[in-house]
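Chain by chain, the residues run as shown.
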Amino acid sequence: MYGLVNKGIEQFIVARYGAPAWQRITERAGEVPEVFISMEAYPDPLTYSLVGAAVEELSVGAAELLEAFGEYWILYTAEQGYGGLLEVSGANLEEFLRNLDSLHARVALTYTELRPPSFKVVAAGERCVDLHYHSGREGLAPMMIGLLKGLSKRFDEPIEVEQTSARSQDAPYDVFRVTWV
Amino acid sequence: MTATRGLPPSAVLEVFPFHLWLDEHLRLVQAGPVIHRLFPDLCEGDPVFAHFQILRPECPADAQALREHAKQHMVIEARATGLRLRGQILPIDDGSLVFLGSPWVTEVDELGRWGLSIADFAIHNPVADQLFLIRSIRATLDDTRKLAARVEDHRKRLLASQQRIDLHLRHTPLAVIDWDQAGRVAAWNPAAERIFAIAEAAAIGRDPSILRLIELPDEPRVGTTLKLVGATEESTVLLAHDIAGRSPTLCEWYNTPLVDASGQTIGVASIVRDVTDNLRTERALREAQKLESLGRLAGGLAHDFNNLLVALMGDADLALMKLRADTGAAAHIEQILVHAERAAELTRQLLDFSGHGAYRTQTVDLNEILRETSSLLAATIPRHVSVALRLGERIPPIDADISQLRQIAINLIINGAEAIGDAGGRIELRTRFEVLDAPLDDPLLRGGPLAPGPYVCFEVVDDGRGMAPDALAHVFDPFFSTKFVGRGLGLAPIVGIVKGHGAGVRVSSKLGAGTRFELWFPALAVPASAQAEQAEQATALGKRRVLIVDDEPAVRNMAVGVIEAMGYEVVAAAAGDAALALFDADPHGFDLVLTDLTMPGLDGHELFAELTDRDPRLPVILSSGYSHQRIAAYPDGRPATFLQKPYRARSLMETINAELERRAS
C-alpha cells in the first residue's frame, strides 16, 4: 500500500481516538516508520499489522474499524488535494461509481506501483445497482461499505448498502447492492 | 497517408475548451466554451490582442509574424485577469489562425483563483494529471521534510543524551569499563583510571590481566577470576587488586553481557565500585561489636565477682574487729584481705576493659600528667628512642582518673618504643584543645561517637614501622600483639578506659610510616583545682536505724554485720519492692537506706525515686559494681550518694556516717 493509505489510517486513528492511541498501536504493531511518505509503496503486511494492532488496542471489530476508515477515506483524500479528481469522476454517485476504474487509471499515472481494484456497475432495478468489486487484496470488503457511505454523503444522495455476495472460490468478486432511498 | 478528415465544429469546442480562432485581421471568429465563460466581454469580431498580450515568443501581434512563429511555444496573458494560456498558433489555409492551448497553472488550489475546475479541462489534456502529480510530489516533499525534521530532532536528542551519558561517565565515582567480545577493554572512564591507576590510553585494547587480581586468604568473599569471554549472565563479584603503592584495593564488580538486537553477545559492561574503605569500616565495626560483647561478658563476671568480694572482705573486716590484733588468726585474716584486694584489682582491670571500670575521677591537668609520666618512663625507654613533649598551651582540665590516664600514656609510649625497635626513632606526646562543631562519628573511632563540644586531644605519634591494615584492625583486641607476648590485655583496656571517661580513641598507621593514636577527652570549663581533702569520718552518731537492700545474700549479710558492728539497728530486704513495703509500714522508722542498683523487680533507681518522693530528706546510698551506674544527682536535682563495689567495711562505715552527719546538719 502507498504511504498515502497508511497516513490516512494514522490521521483517522489520531482524529478519532487521539495521538496516544496511535502511539500505542504503532508500538503494538512492531516496526512502523515514524513518518509515511505518501508516494512510497510500503509492504501490505505493514498496513494489515497496523489495522490488526488497532483492533486489539481499541477493542473494536475489524469490520467496524475498516468501514469507519472507508467513510473517512473520502473526506481525507479530498483534504489531501484529490477533491478535483473526485469532482471530474462524476457529477453524481452512480456516474462516479461507473468512473471508478477511470479514476484509478488516472491515479496510477502518479502512483506507478498502484495495484488498484476494479469495479463494475450492473443495474439491479429501479434506483438500485449492484457494484462488483474485484481486488487482489483480501478482507477489505467492509472498507468498501464505508467508502460507499462516504460517497453518499459527498454527493448528498442517501443510500442503503448491503453486501450480497462475498468473494470465494466460486465467486471471484464481492457484490454490494446500493439502493437510493 | 495524409489526413482526409477534419473535426466537426462541435468536437473542436469539446476537445479544445480554451481555443481562440482568429481571422486574418486577428479578430475573434470563435472561442472555446470555457474562454467565453472566463471572459464574457470577449465577443466575435473583437480584436483578440486587445484582450490578450503575447508574452512568448517575442513578436508583434500581426498575422504574418504569428504565422512565422507557428512552430513555437506561445504564451498569452489576459489583460483583464492576468490568466496565462500556453499553447501554439496553428495557421489555417483560409488565412485564419487558431490558438490551441490551456491555462498555465501549477497547483490544483490555483484553479479556483481563476474560476476554473478540473472538469474544465478536456479529458485528454494531461494538465489535470500533471497537477495531481505535482500535488503528490509536493505532499511527498512535505512528508520528507517532516521526516527530516524528526530525524534532526532525534539526532539532537541523541546527542544531548550522549552528552549526558558522557558527563555521567566522566564524573561518576564508579568505574565503567566495556569489554569487547574478545575480553579486551573497549571503554575505560576516568573513575577506572583513578581506581586502577591506569590511563585510558594504556587500558584500551588490554585484557583483564591489567587488573592485577590477587587472592586475600583472610577475606573469603574475594573471588579470583573475572569471566568476560562467553559470559551470558549478569554477575557480581568482589575482587582484590594489587595496585602499585597501595594496600590491596577491594572492588565490587557488576558485569552485564551486552547483547545486540540479533541476540549476539558483543561484550560485557562492568560497573566497578571501590569498596576498600567500606569493607575496612565494616570490619572495624564488626570488631567493635565483638569487643563490646566480650566487654559485656567481662563486666557481668566482674559484677558478680565483686559481690562475692564485698561479702568476703566485709566478713574478714568483721572478724578482725572481733579478734584481738595479737592473735595468730588476725594475721591470716589480714592476708585474706590482701589477697581479696588483689582479686578486686583483677576485677577492676576486667571492668576497665569492659568500659565499666571504677574510676576515681577528679579535675586533672593532662599536660602535667604527661610530663610526670614521660619523666618516670625515661629510665625504662631504650636510649635510641626519644620521647618529646609538644603540649598545647592553656589546655583546659579534664575529669579523669589519674592512674588510668597514666596507664594509657605508659601503654602507648611503650607500644611506640617497641614499634620503633632497634633502629631508633622518636615518640611525640602532643596535646591540643579542640572544639567539635559536629558529632565525631568515625567508624574507626572507638568509644565514639563524640558529641559536639570542647575536647582535650591527646596524641601519641611514633615514627616506627607502622602497621598493615590487618594488624591495625586488631590493635585493640585483648592479647593482640605483633611483636611480643605476655602483655596481658595489651592495648585493649585503653578502649574501656576511654569509654569510661566519655572519651574516644582512634588509631591510624601505615606500614613503614609510623602510628598515631588520638584520644579525645571532654574538656572541663572550670580550671583545675586542688583535690579536695577527704575528711575522716566519725565512728557512730548514736542510735540509728538503717535499711539495707541487696538481692545478693552475701553482700546483704556482710553489710548487715558491718552496720550492726557500728552499733546501728539494721533491717534487710532482698528486693526493692520488699524494701518499699517495709518503709511504708514505718515511714519515720529509718534514718538511712543503702541499696544495690541492679536488682530484679523494683531496681535501685526506682526505689530511690519512690523513697525520696515520700521523704525528700532521707539519705539514700546507691551501690553498684558498675562505675557507669555512678550517679551524683538525678536529673530532677535530687542528690544521690554512690558507693562503688567492692567496698571495705571501713568505706561503708565512712559513707554511712557522712550521710547521717549531712542529714543532721
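Quick caveat, the model's predicted, so the values are computed rather than measured.

1. Things to note about the overall build of chain A
Summing up its helical and strand segments, chain A has 7 helices and 4 strands in all. Across chain A, helices and strands are ordered from the amino to the carboxyl terminus as α-α-α-α-α-α-β-β-α-β-β. Residues counted as buried form 51% of the 181 residues belonging to chain A. In chain A, the proportion of contacts linking residues at least 24 apart, taken out of those at least 6 apart, comes to 59%. Accessible area of chain A: about 8,800 Å², with a carbon and sulfur share of 50%.

2. Looking at the packing of aromatic side chains
Aromatic ring pairs: the centre-centre distance and the angle between the two ring planes describe each pair. According to the stated counting rule, one finds 16 aromatic pairs over all chains in the structure shown. Centre to centre, the rings of A:Tyr72 and A:Tyr76 are 6.1 Å apart; their planes meet at 20°, and the pair counts as stacked. Residue A:Tyr72 and its partner A:Tyr76 are both found in helix α4 (residues 62–88); the two are separated by 4 residues, about one turn of the helix. Take A:Tyr72 and A:Tyr76: they sit in the same class, and that class is buried. Judged by centre distance (6.3 Å) and plane angle (50°), the ring pair of A:Tyr133 and A:Phe176 falls under tilted. Here the residue A:Tyr133 occupies a position in strand β2 (residues 128–134), and A:Phe176 occupies one in strand β4 (residues 174–180), the gap between them amounting to 43 residues. For A:Phe176, a relative accessible area of 0% puts it in the buried group. Ring pairs connect the aromatic residues A:Phe12, A:Phe69, A:Tyr72, A:Trp73 and A:Tyr76, which therefore count as one cluster. The ring of B:Phe590 has B:Arg545 lying over it, and the distance from NZ or CZ to the ring centre is 4.5 Å.

3. Focus on the packing of helix α15 (residues 553–565) of chain B against helix α18 (residues 649–664) of chain B
Residues and elements named next belong to chain B. Between α15 and α18, whose axes approach to 10 Å, the crossing angle comes to 65°. Remark: the crossing between α15 and α18 carries right-handed chirality. Contacts between α15 and α18 pair Met-558, Ala-559, Val-562 and Ile-563 from the former with Ala-649, Leu-652, Met-653 and Ile-656 from the latter. Within the contact of α15 with α18, the residues separate by chemical class into 8 nonpolar, no polar and no charged.

4. Side note on the packing of helix α1 (residues 3–17) of chain A against helix α2 (residues 19–29) of chain A
Residue and element names in this part refer to chain A. Taken N-terminus to C-terminus, the directions of α1 and α2 make an angle of 135°; their axes are 7 Å apart at the nearest point. One element, α1, and the other, α2, form an angle in the oblique class. Across the interface between the two elements, Ile-9, Glu-10, Ile-13, Val-14 and Tyr-17 from α1 touch Ala-19, Ala-21, Trp-22 and Ile-25 from α2. For the contact of α1 with α2, a count of residues per class yields 8 nonpolar, no polar and 1 charged.

5. Some thoughts on the layout of surface pockets
All names here are of chain A. Here the second largest pocket is characterised by a volume of approximately 960 Å³. Lining the second largest pocket we find 41 residues, and of these Val-5, Trp-73, His-104, Pro-117 and Met-143 sit closest to its centre. The biggest single contributor to the lining of the second largest pocket is α4, with 9 residues.

6. What about the confidence of the model for chain B?
All names here are of chain B. In the predicted model, chain B carries a mean pLDDT of 84, and 91% of its residues have values of at least 70. Confidence drops under pLDDT 50 across residues 484–488; counting only partners more than four residues distant or on other chains, this segment forms 4 contacts. Low pLDDT, under 50, characterises residues 526–540; the stretch is placed with 20 contacts to residues that sit more than four places away or in other chains.

7. Observations regarding unusual backbone geometry
Residue and element names in this part refer to chain B. Geometrically, the link from Arg-56 to Pro-57 is a cis peptide bond, its omega value of -10° lying close to zero. Backbone torsion omega between Lys-645 and Pro-646 reads -5°, so that peptide bond is classified as cis. Tracing the chain through its elements places Pro-646 in the loop between β25 (641–644) and α18. With a phi close to 65°, Leu-26 is a non-glycine residue in the positive phi region. Counting through the fold element by element, Leu-26 comes out in the loop between β1 (20–22) and β2 (28–31). Not every positive phi belongs to a glycine, and Arg-394 is a case in point at roughly 50°.

8. Digging into the interface of chain B and chain A
Quite often, the size of an interface is put as the accessible area lost when its parts meet. At the junction of the two partners, chain B supplies 19 residues and chain A supplies 19 residues. Both sides of the chain B and chain A interface together cover about 1,700 Å² of buried area, and 57% of this is carbon and sulfur. Considering only the surface of chain B that becomes buried against chain A, B:Asp129, B:Phe132 and B:Asp143 emerge as the three largest contributors, covering 30% of it. In this structure, the connection of chain B to chain A is made through 3 salt bridges. The salt bridge partner of A:Glu34 is B:Arg150, with a shortest N-O separation of 3.2 Å.

9. A look at helix α6 (residues 100–110) of chain A
Of all the residues in α6(A), the buried ones are A:Leu100, A:Leu103, A:His104, A:Arg106, A:Val107 and A:Thr110. Looking straight down α6(A), one finds its buried side chains confined to an arc of 160°; they lie on one side. Contacts from the buried residues of α6(A) go to α4, α5 (93–98) and β1 (118–123) of chain A together with α6 (127–171) of chain B.

10. Topic: a nonpolar patch on the surface
Residue and element names in this part refer to chain B. A contiguous nonpolar surface patch, about 230 Å² in accessible area, is contributed by Leu-133, Ile-137 and Leu-141. Tracing the backbone shows Ile-137 in helix α6. On the accessibility criterion, Ile-137 (40% relative accessible area) is partly exposed.

11. Notes on the side chain of A:Glu157
All names here are of chain A. Within the secondary structure layout, Glu-157 lies in the loop between α7 (141–154) and β3 (159–165). Although Glu-157 is buried, it makes no salt bridge; Arg-127 carries the closest opposite charge, 6.7 Å away. Within the structure, Glu-157 has its side chain in polar contact with the side chain of Trp-180 (distance 2.6 Å). Sequence-distant contacts of Glu-157, defined by excluding residues within four places in its chain, comprise Asn-92, Leu-93, Ser-152 and Trp-180.

12. Some remarks on the environment of B:Leu429
Residues and elements named next belong to chain B. Tracing the chain through its elements places Leu-429 in strand β17 (residues 425–436). Taking the C-alpha atoms as reference points, Leu-429 and Val-460, separated by 31 residues in sequence, lie 4.8 Å from one another. Each residue touching Leu-429, except ones within four places of it in the same chain, is listed here: Ser-374, Val-387, Ala-388, Leu-389, Arg-390, Leu-391, Ile-413, Phe-458, Glu-459 and Val-460.

13. Re the pattern of salt bridges
All names here are of chain B. The final tally for this structure, using the stated rule, is 40 salt bridges over all chains. Salt-bridge contacts for Glu-341 lead to Arg-648; the nearest nitrogen and oxygen are separated by 2.9 Å. In this pair, Glu-341 is assigned in helix α10 (residues 328–354) and Arg-648 in the loop between β25 and α18, connecting sequence segments 307 residues apart. In this structure Glu-341 comes out as partly exposed when scored by relative accessible area, which is 36%. Looking at Arg-648, the relative accessible area reads 26%, which means it is partly exposed. Asp-586 serves as the salt-bridge partner of Arg-545, at 2.9 Å between the closest nitrogen and oxygen. Highlighted residues: Arg-545 in strand β21 (residues 545–549) and Asp-586 in the loop between α16 (576–585) and β23 (592–596), separated in sequence by 41 residues. Through salt bridges that share partners, Arg-390, Arg-426, Glu-428, Arg-430, Arg-432, Glu-434, Glu-459 and Arg-516 make up one connected network.

14. Topic: the nonpolar core
A:Ile13, B:Leu20, B:Phe49, B:Phe52, B:Leu66 and B:Ile76 are the most contacted members of the largest nonpolar core, which totals 96 residues. Of the residues forming this core, the biggest block, 11 residues, is contributed by α4(A). Once residues lying within four places of it in the same chain are set aside, the contact partners of B:Ile76 are B:Leu20, B:Phe49, B:Phe52, B:Gln53, B:Ile54, B:Leu55, B:Leu83, B:Arg84, B:Leu85 and B:Phe99.

What counts, and where the lines are drawn
- Residues numbered from 1 in each chain as written.
- Chains lettered and ligands numbered in written order.
- Predicted model: local features only at pLDDT ≥ 70, side-chain atom pairs only at ≥ 80, totals over all residues.
- Heavy atoms only, no water.
- Helix = DSSP H or I, 4+ residues; strand = E, 2+ residues; numbered from the N terminus.
- Buried < 20%, exposed > 50% of the residue type's maximum accessible area, 1.4 Å probe, protein only.
- Contact = heavy atoms within 4.5 Å.
- Areas by Shrake-Rupley, 256 points an atom, 1.4 Å probe, with all protein chains shown as cover.
- Phe/Tyr/Trp six-rings, centres within 6.5 Å; stacked < 30°, edge-to-face > 60°.
- Lys NZ or Arg CZ within 6 Å of the ring centre and 35° of its normal.
- Axes fitted to C-alpha atoms, helices over the stretch in contact; angles between N-to-C directions.
- Left-handed = near helix turned anticlockwise from the far one by under 90°.
- Nonpolar A, V, L, I, M, F, W, Y, C, P; charged D, E, K, R; others polar.
- Parallel < 35°, antiparallel > 145°, perpendicular 65-115°, else oblique.
- 1 Å grid on protein atoms, 1.4 Å probe; cavity = no way out; pocket = protein on both sides within 12 Å on 5 of 7 lines; lining within 4 Å.
- Points joined across faces, edges and corners; volume = space filled by probe spheres on them.
- pLDDT = per-residue confidence, 0-100.
- Buried area = accessible area lost by both parts, 1.4 Å probe.
- Salt bridge = Lys/Arg side-chain N within 4 Å of Asp/Glu carboxyl O.
- Arc of directions from axis to C-beta.
- Patch = residues over 30% accessible without salt bridge, like charges linked within 9 Å, V, L, I, M, F, W, Y side chains within 5 Å.
- Lys, Arg positive; Asp, Glu negative; His and termini not counted.
- Polar contact = N/O pair within 3.5 Å; in protein donor to acceptor, adjacent residues only side chain to side chain.
- Core = buried A, V, L, I, M, F, W, Y, C linked by side-chain atoms within 4.5 Å.

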